[in-house]
Amino acid sequence: AARRLVGLKADRKVQTRVAQLARRCNEGELTPDERAEYETYVMAGDVVAILQAQARLLLARRGRPA
């Protein structure tokens, strides 16, 4: 499960949407709904990144490559 978690990433559709929202955010053009959507993606990404870091540590402690 830890190895699968390490390899987890968003599908292309989600990646494309996040990139689009990021561009619009940098340009100051997000609507309130888009800002909420973007913030949700960012928070979810942070949670996944933390879980992946913990999974990598677990695998390293057990002598298994991530």
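Treat the numbers as computed from the prediction; the structure is a model and nothing was measured.

Of the regular secondary structure elements, the chain holds three helices and zero strands. The secondary structure elements of the chain, listed N-terminal to C-terminal, are α-α-α. The C-alpha radius of gyration computed for the chain amounts to 15 Å, which surpasses the reference 11 Å derived for 66 residues by more than 25%, pointing to a less compact arrangement than a globule. Based on the C-alpha atoms only, the size of the chain along its principal axes is roughly 45 × 20 × 15 Å. A burial count over the chain gives 15% of its 66 residues as buried. The contacts of the chain with a sequence gap of at least 6 include a subset with a gap of at least 24, amounting to 49%. For the chain, the exposed surface amounts to about 5,300 Å²; the carbon and sulfur share of it is 55%.

Attention now moves to the side chain of Glu-34. In this structure, Glu-34 sits in helix H3 (residues 32–61). Taking relative accessible area as the criterion, Glu-34 reaches 14% and is therefore assigned buried. Those residues in contact with Glu-34 that sit more than four places away from it in its chain are Arg-17, Leu-21, Arg-24 and Glu-29.

On average, the chain scores 95 in pLDDT, and the residues at 70 or more come to 98%. Per-element confidence in the chain is highest for helix H2 (residues 12–26), whose mean pLDDT is 98, and lowest for helix H1 (residues 2–6), whose mean pLDDT is 94.

The terminal C-alpha atoms of H2 lie 21 Å apart, and with 15 residues this matches the ideal 21 Å at 1.5 Å per residue to within 8%. For H2, the side-chain oxygen to backbone nitrogen distance between the N-cap and Lys-13 is 3.2 Å, and the N-cap itself is Asp-11. Gly-28 sits one or two positions beyond H2 and adopts a positive phi of about 70°.

On to the environment of Arg-24. With respect to the helices and strands, Arg-24 occurs in helix H2. Note on Arg-24: relative accessible area 23%, which makes it partly exposed. Through-space distance from the C-alpha of Arg-24 to that of Arg-35 is 9.4 Å; in sequence the pair is 11 residues apart. For Arg-24, the residues in contact, after removing those within four places along its chain, are Glu-29, Leu-30, Thr-31 and Glu-34. One polar contact links Arg-24 to Glu-34, side chain to side chain, over a distance of 2.9 Å.

About the cut-offs
- Along each chain, residues carry numbers from 1 onward, in the same order as the chain's sequence is written.
- Local features in this predicted model are restricted to residues whose pLDDT is 70 or higher, and side-chain atom pairs enter the listing and the counts only when it is 80 or higher, whereas totals over whole chains, interfaces and linings include all residues.
- Side-chain descriptors were evaluated using all non-hydrogen atoms of the structure, hydrogens and water having been removed beforehand.
- Runs of E in the DSSP output that reach at least two residues are strands. Runs of H or I that reach at least four are helices, and both are numbered from the N terminus.
- As a reference, a globule follows 2.2 Å times the number of residues to the power 0.38, and the radius of gyration itself is taken over C-alpha atoms.
- Only protein chains enter the accessibility calculation, which uses a 1.4 Å probe; a residue is then buried when its area is under 20% of its type maximum, exposed when over 50%, and partly exposed in between.
- Any two residues whose heavy atoms approach within 4.5 Å at even a single point are treated as in contact.
- Surface exposure here means Shrake-Rupley accessible area, sampled with a 1.4 Å probe, where a residue is shielded only by the protein chains that are shown.
- Per-residue confidence from the prediction method is given by pLDDT, with values spanning 0 to 100.
- Residue count minus one, scaled by 1.5 Å, sets the expected span of a helix.
- Any pair of nitrogen or oxygen atoms within 3.5 Å is treated as a polar contact; in protein, a donor-acceptor pairing is required on top of that, and neighbouring residues in sequence qualify only through side-chain atoms on both sides.

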